[in-house]
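# Survey of secondary and tertiary structure
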Amino acid sequence: MQDAENVAVPEAAEERAEPGQQQPAAEPPPDAGLPRPAGPGAPEAAGTEAVSEEVAAAEAGPEPQVRTEVEAASGPSKSPSPSAAEEPPGSHVEPRAPAQEEARGKQVRDERADSRAQAASEDAGGNEGSAAEAEPRALENGDADEPSFSDPEDFVDDVSEEELLGDVLKDRPQEADGIDSVIVVDNVPQVGPDRLEKLKNVIHKIFSKFGKITNDFYPEEDGKTKGYIFLEYASPAHAVDAVKNADGYKLDKQHTFRVNLFTDFDKYMTISDEWDIPEKQPFKDLGNLRYWLEEAECRDQYSVIFESGDRTSIFWNDVKDPVSIEERARWTETYVRWSPKGTYLATFHQRGIALWGGEKFKQIQRFSHQGVQLIDFSPCERYLVTFSPLMDTQDDPQAIIIWDILTGHKKRGFHCESSAHWPIFKWSHDGKFFARMTLDTLSIYETPSMGLLDKKSLKISGIKDFSWSPGGNIIAFWVPEDKDIPARVTLMQLPTRQEIRVRNLFNVVDCKLHWQKNGDYLCVKVDRTPKGTQGVVTNFEIFRMREKQVPVDVVEMKETIIAFAWEPNGSKFAVLHGEAPRISVSFYHVKNNGKIELIKMFDKQQANTIFWSPQGQFVVLAGLRSMNGALAFVDTSDCTVMNIAEHYMASDVEWDPTGRYVVTSVSWWSHKVDNAYWLWTFQGRLLQKNNKDRFCQLLWRPRPPTLLSQEQIKQIKKDLKKYSKIFEQKDRLSQSKASKELVERRRTMMEDFRKYRKMAQELYMEQKNERLELRGGVDTDELDSNVDDWEEETIEFFVTEEIIPLGNQE
Amino acid sequence: MKPILLQGHEWPITQIKYNGKGDLLFTVAKDPIVNVWYSVNAVWYVHADWNTKHVLTGSADNSCHLWDCETGKYFFDLRDPSQIDNNEPYVKIPCNDSKITSAIWGPQGECIIAGHKSGELNQYSAKSGKVLVNIKEHLRQINDIRLSRDMTMFVTASKDNTAKIFDSTTLEHQKTFWTERPANSAALSPNYDHVVLGGGQEAMDITTTSTRIGKFEARFFHLAFEEEFGRVKGNFGPINSFAFQPDGKSYSSGGEDGYVLFLHARHYAGHPGL
């Protein structure tokens, strides 16, 4: 049940934006006991306590007043960093602070204590002032009448400062000795006093680029400099900048500067020479994370988000009715994602990502990434890439983080400078490599080190797009025309970086790379403006990857291309082309000899998207959104249209991972009424209409690739008749059982209702006398009970009768 | 299949009701005429007393008028201080939480059952004004409450797309009927275990959506099974009010389109699914 507030503001709730900009408008229902990952500031149940504490600490911060005191007292110092979260423990330098500093700090504290006492006394003070003030005055005046409140000389205070001023001391300024701004430069020429001035000038010229040098020190020995110097900047940021940019600076042939932070010396000196064997983590038994594959009926699971994102459910897909497995309120704040093999369910929260799995959908892992918006799994399910627009800082890249899913540890952070399409990092099919494209550069990284492959990126000037083959470690990328150099598509083997195929193309406007799911074929859709013609012509350049030297064949299309899709496990592809309302679909077949054959073309299609069954052969052509949700179910083995249907205003089509069922849905994110998902068989027979209040998203749980060999699959297909008999029998049984259940259910409902009616009737009869009394003895229970009182009158009206034919009913 | 169309209004129908005998049908709309009765403002509610002597109407100008049914003679405005003793109502029931959107008298006139904007139902004692029973089964505004012929149960129609059956005395929830659109009105058949539901896309959204998804049909449900078994099209806009004739042989629906559709059993009996 929802609470009253939720009902009181339905209008507000309806106007909530799509995920991404979504802010919970209504108060959440008080669902005690359920994890409630909420926005910032709200109590965190399932999320990341550690982070919240750190953030709280940072927010609490020192009082501004205290900070000024510190700055006044200890000169150029680093104010307490708000990003305490990322600093290694012990980086606060108290232990090695000079004694003098310590003393100064204490003085500051004492002064402050005094001023507080003063303030307190003023508060309390009336005309006579407080005891605190009165007492010293009494001593000064030597007035004997006043009792002495002062401590005896040998008095030792037994109250510690922590006890007395714990809350104040907590905020006391941290020591910062300014060494953060100091750098050490090695490989400086050793010079005598005569040339020292010149050297200083040169050094100053090089290093003042990074900030104001406030102090320098050139250690000397036997009249000559030692070859290393110390420089102090006005701020630590300058020092960091200097290290980053001047390290490796070539002064001349003999002298290449090595620049380091002074604090780094200290840091690395204290590292123990002995390596501690990491403590063995206790094995956490998460149960069988793939239990759902063992289901006797081989049913699939799917996740459903509804009530505009407030509730998330997991269902078993069943022909009759979906069977709920798990339903939680506020499981995710925006949407969910399944991992590629279906092991994990990822939920999105302000503070990061949580992964769920196992039979009870327990939390398995969480990744703290404030403001995370997008994620991507590696195909092997070992790594998770998360993106947040909030967290990035100059020296600590955190816009994109790669995590190890098994340990939950951060593997590497990256900046995100360019506004590229997600996923920014594309994974190779086995998860061994991942690559990203920046201006004129293709950077390929390897796992598990997360370092650049061969320690360098590929320089490809003008690179526009790239894509991994799903069937091998091959990268395809393309480069547009540059003056006289034609545009070209390149296929590169990795990690060898060997170019296995280069194809030059002319007059290219744009290219799109489409891999077939097994990596058997690559189709490059090339939009060209051939010389002497007007308008754009589209070519499909089909690369046959499994053959020697990768032969390429071309299909030329005259019409505008609306959509292209490969058959997942085959050698066919479907193309939607033409202009609305004259849209056609064409099915092509790539033959072994390389000939590309048009199998069939259907014209007058109402479609803008192609959805192949994951097993191939069957395809759904859908006219989503603006095309009102027209659906065509096509069998491409003989190219017959099995069914034409419609799910009005459908926004999504999702095949189940086995290719047995299709779901079409109207998401609340795109359309505000009739939010529902419908289940169809692959032939286009409608099985269920599931209306869900403000339904948002349905995602099938993916299955890992089959363990059966090609031969085994063949064998099964051969014996299909044998299996189908068993299944048919099963279906019949369950059907008769279902109808029996239905009859039974109706019978009990009827009985219950009759019982209730009987009770109500009895009560009604009991009240009869009372009713008669209320109505002055007139019985109104029966319509014709007072027939005697009626007077019959015949009145004639002249009326026109309008007859409206109502047409066919649904 | 040929309903009688009563076109007495030019503005959306707000409520229709039969009198106790079922020989008169009262319709009110947002226009100045109460079908045959006079009013100056949009009329929202109408009710005839049990023996059809008097008719009470409530209008959008917050006035409440009493009429003689037979002659159409106007008696007085309930707000008129000279008509009521001491210028005070018999009993005042404070209701501060959520606006009352519909109300009926309980079976023996000893209580009032009110539906609220929040979806709550309250049973007030007519003597003391105290809340006797409070329940919350609906998630959103209750648009309409109608008693069964014997007054032992009533049906509510709510903006949360459902209609529900409650016991009039205990307010115990009995049955629920689901649709995809806000339910504006519901009525219980006097002689069958049927409920008819009307509603559709909200009037304010109609111009923004296609008419085909408005779903302006009258929908028949079986009372015990909670299952829909038939639909009757007819109105071109959302149905605002429903009423069965007390003998159960016909029903009328009044819509936002200003028409009252009068369907006799012979009209809809041949309907597929009925």
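Residues numbered from 1 in each chain as written. Chains lettered and ligands numbered in written order. Predicted model: local features only at pLDDT ≥ 70, side-chain atom pairs only at ≥ 80, totals over all residues. Heavy atoms only, no water.

Let us now look at the overall build of chain B. What chain B contains, in helices and strands, is two helices and 24 strands. Across chain B, contacts joining residues at least 24 apart in sequence account for 40% of those joining residues at least 6 apart. Entry remark: accessible area of chain B is about 12100 Å², with carbon and sulfur atoms responsible for 53%. (Helix = DSSP H or I, 4+ residues; strand = E, 2+ residues; numbered from the N terminus. Contact = heavy atoms within 4.5 Å. Areas by Shrake-Rupley, 256 points an atom, 1.4 Å probe, with all protein chains shown as cover.)

What follows deals with the nonpolar core. All names here are of chain A. Core analysis: the biggest nonpolar cluster contains 32 residues, and Ile353, Leu355, Ile375, Phe377 and Leu384 have the highest contact counts within it. Within the residue set of this core, elements represented by two or more residues are strand E8 (311-316), strand E10 (336-338), strand E11 (345-349), strand E12 (352-357), strand E13 (362-368), strand E14 (374-377) and strand E16 (400-404). At four residues, the largest contribution of residues to this core is made by E12. Excluding residues that lie within four positions of it along the chain, leucine 355 makes contacts with Tyr344, Leu345, Ala346, Lys362, Gln363, Ile364, Gln365, Phe367, Phe377 and Ile405. Grouped together as the second largest cluster of nonpolar side chains are 22 residues, Ile206, Phe207, Phe210 and Ala239 included. (Core = buried A, V, L, I, M, F, W, Y, C linked by side-chain atoms within 4.5 Å. Buried < 20%, exposed > 50% of the residue type's maximum accessible area, 1.4 Å probe, protein only.)

Residues and elements named next belong to chain A. In this model, helix H8 (residues 193-207) (15 residues) spans 21 Å end to end at C-alpha, consistent with the 21 Å of a helix rising 1.5 Å per residue. Within the sequence span of H8, burial applies to Leu196, Leu199, Ile203, Ile206 and Phe207. End-on view of H8: buried residues confined to an arc of 90 degrees, all on one side of the axis. Residues of H8 that are exposed and point more than 90 degrees away from the buried face comprise Asp194, Glu197, Lys198, Asn201 and Lys205. (Expected span 1.5 Å × (residues − 1). Arc of directions from axis to C-beta.)

Attention now moves to the confidence of the model for chain B. Close inspection of predicted coordinates is inappropriate in any region flagged by low pLDDT. All names here are of chain B. Mean pLDDT over chain B: 74, with 64% of residues reaching 70 or higher. Every residue in residues 36-41 is under pLDDT 50, and counting partners more than four places away or in other chains gives 17 contacts. Contacts from residues 269-274, a stretch scored under 50 in pLDDT, to residues over four places away or in other chains number 13 contacts. Here the predicted complex carries an ipTM of 0.76, next to a pTM of 0.64. (pLDDT = per-residue confidence, 0-100.)

A separate point is the pattern of salt bridges. Between side chains of opposite charge, a pair can form when the charged atoms approach closely. All names here are of chain A. Evaluation of the coordinates by the stated rule reveals 32 salt bridges over all chains. Note that arginine 660 is salt-bridged to aspartate 300, the shortest N-O span being 2.9 Å. With arginine 660 in the loop between strand E39 (652-655) and strand E40 (661-666) and aspartate 300 in the loop between helix H10 (262-269) and strand E7 (301-306), this pair connects stretches of sequence that are 360 residues apart. The partner of glutamate 541 in a salt bridge is arginine 503, with the nearest N and O atoms 2.4 Å apart. Of the two residues, glutamate 541 sits in strand E29 (residues 537-544) while arginine 503 sits in strand E26 (residues 498-505), which places them 38 residues apart along the sequence. Each of Asp300, Asp656, Arg660 and Arg703 takes part in a single network of salt bridges with overlapping partners. (Salt bridge = Lys/Arg side-chain N within 4 Å of Asp/Glu carboxyl O.)

Residue and element names in this part refer to chain A. Pairing within the open sheet is antiparallel, and its four strands lie in the order E23-E24-E25-E26. Because the sheet does not close on itself, it has two edges, and the strands there are strand E23 (465-468) and E26. Here the strands of the sheet are splayed against their neighbours by 15 degrees on average, with no regard to which way each runs. Where strand E25 (residues 487-493) and E26 come together, seven bridges link them in antiparallel fashion. Across the sheet, leucine 491 pairs through a bridge with arginine 501, a residue of E26. (Pairing = 2+ DSSP bridges. Axes fitted to C-alpha atoms, helices over the stretch in contact; angles between N-to-C directions.)

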